[in-house]
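Here are the chains, one letter per residue:
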Amino acid sequence: MNDKKWSEQGFIDEPTPANTDIKAEIKRMCKEKNAVIMAHYYADAEVQDLADFVGDSLALAQKAATTDADIIIMCGVHFMGETNKILCPEKKIIVPDLNASCSLAESCPTDAFEKFVKAHPNHTVISYVNTTAAIKSLTDVVVTSSNACQIVESFPKDTKIIFGPDKNLGGYINRITGRNMLLWDGGCHVHERFSVEGIKQLKQQHPNAKVLVHPECREEVAEIADKVGSTAALLKYSINDDANEFIVVTEVGILHEMQKSAPQKTFIPAPAEDIESGCNECNYMKLITMRKLYNCIKHEWPTIEVDSEIAEKAVRPINRMLEISKQLGL
Ligand code: 13P
Ligand code: SF4
């Protein structure tokens, strides 16, 4: 890849060939190159439908660690591609648009977090997977929202813990586990916008609907939930629960898989602040389009690279998470 414009913009958005079945062509190129497409539940519906594997952050990391593909196309955000690269340094990891960042990962700059860690010696550092590789390299064990409470509970009660970067997830874990972890003051711009007011307005229209909330939401929002959990946990709950209506308080992309898994049920996306303000989208996830997906497979670019010294340190807490999750059957 040596086109200067592509390098600067971080993606390839060339028009796709006319009179061609783009989805079939993507599948053909993947087969030829032994590439696998993975997508997060927040990716666009048509991207999810084309992917070989769709999952939450934990499932995506677990899948990357075991795939025998030579190329992983990660239709998600940058830190997800980095996690894959750290786990599989010999593979080519591609994220179709390198601008697909994460406000939560960005809310934790390396220098400031390193100072915070140094200021609190004798603390175990637990980091959410929504972090850069550099933050993971300063971490003892990584968690996702699927395993965070269980991993924290696997440490003795008197362990002093620093948790970053999401203060809402950290606060939720503290409340559930009765711990008193020191929290980094970070957050996700999508999940922080959900309000009790908006959910109550929807509840008036759908009094029987159950409320499903991601733990990156603020405490008062989590408090009115019927279920708090990772995207995978919310999906499972919506399939198994007897209710027929659900108000979904997380990024709107998850509704696609929910609706596919339980077509007879009704899923209502929670609005950003109030009922007038529209639904919540992660603008970073939505950068991954079919056109960029086609081009990134064709040109095998843009690839994710991680400094080898950082990767060597960052792989340990990720592997530790995968090992504990395996032991716990997660
Ligand atoms: P999950 O691990 O629950 O899929 O969440 C990832 C994420 O980015 C939530 O905002
Ligand atoms: Fe990051 Fe929030 Fe987007 Fe999840 S929804 S990827 S935490 S910015």
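The preceding data block contains the structure.
Residues numbered from 1 in each chain as written. Chains lettered and ligands numbered in written order. Predicted model: local features only at pLDDT ≥ 70, side-chain atom pairs only at ≥ 80, totals over all residues. Heavy atoms only, no water.

Draft legend 1. Expanded view of the packing of aromatic side chains. Counted under the stated rule, the structure contains four aromatic pairs. Their ring planes at 40° and their centres at 6.4 Å tell us that Phe113 and Phe116 sit as a pair that is tilted. Here Phe113 and its partner Phe116 are both found in helix α7 (residues 110-119), three residues apart, which amounts to about one turn of the helix. As far as the burial class goes, Phe113 and Phe116 line up, both buried. On the basis of an interplanar angle of 15° and a centroid distance of 5.5 Å, the ring pair of Phe246 and Phe267 is categorised as stacked. Placement of the pair is Phe246 in strand β11 (residues 245-249) and Phe267 in strand β12 (residues 266-269), with a sequence separation of 21 residues. Judged by its relative accessible area of 7%, Phe267 is buried. Among the aromatic residues, ring-to-ring pairing joins Phe113, Phe116 and Trp184 into one connected group. (Phe/Tyr/Trp six-rings, centres within 6.5 Å; stacked < 30°, edge-to-face > 60°. Helix = DSSP H or I, 4+ residues; strand = E, 2+ residues; numbered from the N terminus. Buried < 20%, exposed > 50% of the residue type's maximum accessible area, 1.4 Å probe, protein only.)

Draft legend 2. Seen up close, the side chain of Thr177. Mapping Thr177 onto the fold places it in helix α10 (residues 167-177). For Thr177, a relative accessible area of 4% gives the class buried. Beyond its immediate chain neighbours, meaning those up to four positions away, Thr177 contacts Cys149, Val152, Glu153 and Lys157. (Contact = heavy atoms within 4.5 Å.)

Draft legend 3. Focus on the site of ligand 1. Lining the immediate environment of ligand 1, one finds His40, Tyr42, Asp56, Ser57, Tyr128, Asn130, Ser145, His191, His214, Glu216, Ser230 and Thr231. A distance of 2.8 Å is found between an oxygen atom of ligand 1 and a side-chain nitrogen or oxygen belonging to Ser57. A distance of 3.1 Å is found between an oxygen atom of ligand 1 and a side-chain nitrogen or oxygen belonging to Asn130. Coverage of ligand 1 by the protein chains reaches 96% of its 300 Å² of free accessible surface. Its residues placed into classes, the shell around ligand 1 shows two nonpolar, eight polar and two charged. (Near = heavy atom within 4 Å. Polar contact = N/O pair within 3.5 Å; in protein donor to acceptor, adjacent residues only side chain to side chain. Areas by Shrake-Rupley, 256 points an atom, 1.4 Å probe, with all protein chains shown as cover. Nonpolar A, V, L, I, M, F, W, Y, C, P; charged D, E, K, R; others polar.)

Draft legend 4. Focus on the sheet that holds strand β6 (residues 141-143). As summarised here, the arrangement of the four strands in space is β6-β5-β7-β8, forming an open sheet in which the pairing is parallel. This sheet does not close on itself; its edge strands, each paired only once, are β6 and β8 (182-183). Running at roughly 165° to strand β7 (residues 161-164), α7 makes contact with β5 (124-128), β7 and β8 of the sheet. (Pairing = 2+ DSSP bridges. Axes fitted to C-alpha atoms, helices over the stretch in contact; angles between N-to-C directions.)

Draft legend 5. The site of ligand 2, seen in detail. If you check the shell around ligand 2, you find 13 residues, and the closest are Cys102, Asn130, Cys188, Glu216 and Cys282. Looking at the shell around ligand 2, its residues break down into eight nonpolar, four polar and one charged.

By themselves, these figures tell us nothing about what the structure is for.
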